[in-house]
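Okay, here's what each chain looks like letter by letter:
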Amino acid sequence: MSQEVSPIRYWNIEQCTIPVGRVTIIAGFCKGGEDCDDCIRLCPEKVLERSTVSNERGYLPPVVVAEGKCTVCGRCQLYCSENAIFVHKVGERAVHAHEIALTAK
Ligand code: SF4
Ligand code: SF4
């Protein structure tokens, strides 16, 4: 019987890179605050927080609080029903060993 082996055994962490994104928020489109916050909740990297300043319609849009942590996963953009948030890749960075859960023995 063959034993399944995690591909992580074959990774060279020093050669791994991860995308770095820039987040663009169109505050005037946002319906954030108690009624939404989907982008804030769904961001796995905790890049966003709710602003304390409301937009012209009285909603509280997200603000970027962790510039450089965005991995361009796209969840914020995908789940925003108001087309108020966009991401694009601006570069890549090395993956640090502490960012990977090493489970293979
Ligand atoms: S998902 Fe869209 S509408 Fe909701 S808080 Fe984020 S930017 Fe605003
Ligand atoms: S693309 Fe992903 S990591 Fe970047 S801000 Fe949106 S949800 Fe967070």
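Residues numbered from 1 in each chain as written. Chains lettered and ligands numbered in written order. Predicted model: local features only at pLDDT ≥ 70, side-chain atom pairs only at ≥ 80, totals over all residues.

1. Points about the overall build of the protein chain
Next, step 1: When helices and strands are tallied, the protein chain shows two helices and four strands.
Next, step 2: Each helix (α) and strand (β) of the protein chain, taken in turn from the N terminus, gives the series β-α-β-β-α-β.
Next, step 3: A buried classification covers 20% of the 105 residues belonging to the protein chain.
Next, step 4: Restricting the contact set of the protein chain to residue pairs at least 6 apart, pairs at least 24 apart contribute 67%. (Helix = DSSP H or I, 4+ residues; strand = E, 2+ residues; numbered from the N terminus. Buried ≥ 20, exposed ≤ 12 C-beta atoms within 10 Å, placed from the backbone. Contact = placed C-beta atoms within 7 Å.)

2. Some words on the site of ligand 2
Next, step 1: For ligand 2, the set of nearby residues contains 15 residues, the closest of which are Cys 43, Val 47, Cys 70, Cys 73 and Cys 76.
Next, step 2: Taken together, the residues that form the shell around ligand 2 break down as ten nonpolar, three polar and two charged. (Near = placed C-beta within 6 Å. Nonpolar A, V, L, I, M, F, W, Y, C, P; charged D, E, K, R; others polar.)

3. As for the nonpolar core
Next, step 1: Counting residues in each nonpolar core, the largest one holds 16 residues, and the members touching the most others are Val 23, Cys 39, Cys 43, Leu 48, Cys 76 and Ile 85.
Next, step 2: Mapped by element, the contributors of at least two residues to this core are β1 (17–25), α1 (38–42) and β4 (85–94).
Next, step 3: Non-local contacts of Ile 85, meaning those with residues more than four positions away in its chain, are made with Val 23, Ile 25, Cys 39, Pro 62, Cys 76, Gln 77 and Cys 80. (Core = buried A, V, L, I, M, F, W, Y, C linked by C-beta atoms within 7 Å.)

4. Focus: the environment of Ser 81
Next, step 1: Topologically, Ser 81 is positioned in the loop between α2 (75–79) and β4.
Next, step 2: Separated by 52 residues in sequence, Ser 81 and Phe 29 have C-alpha atoms that sit 9.8 Å apart.

5. A closer look at the environment of Glu 56
Next, step 1: Within the secondary structure, Glu 56 is located in the loop between β2 (48–50) and β3 (62–64).
Next, step 2: Linking Glu 56 and Gly 28, residues 28 residues apart in sequence, is a C-alpha distance of 6.6 Å.

6. Notes on unusual backbone geometry
Outside of glycine, negative phi angles account for most residues, and trans bonds account for most peptide bonds.
Next, step 1: For Asp 37, which is not glycine, the phi dihedral falls at a positive 65°.
Next, step 2: Among the secondary structure elements, Asp 37 is positioned in the loop between β1 and α1.
Next, step 3: For Asp 37, a count of 18 C-beta atoms within 10 Å corresponds to the partly exposed category.
Next, step 4: Of note, the phi angle at Lys 46 is positive, near 55°, even though the residue is not glycine.
Next, step 5: Among the secondary structure elements, Lys 46 is positioned in the loop between α1 and β2.

Nothing here speaks to function; it is all geometry.
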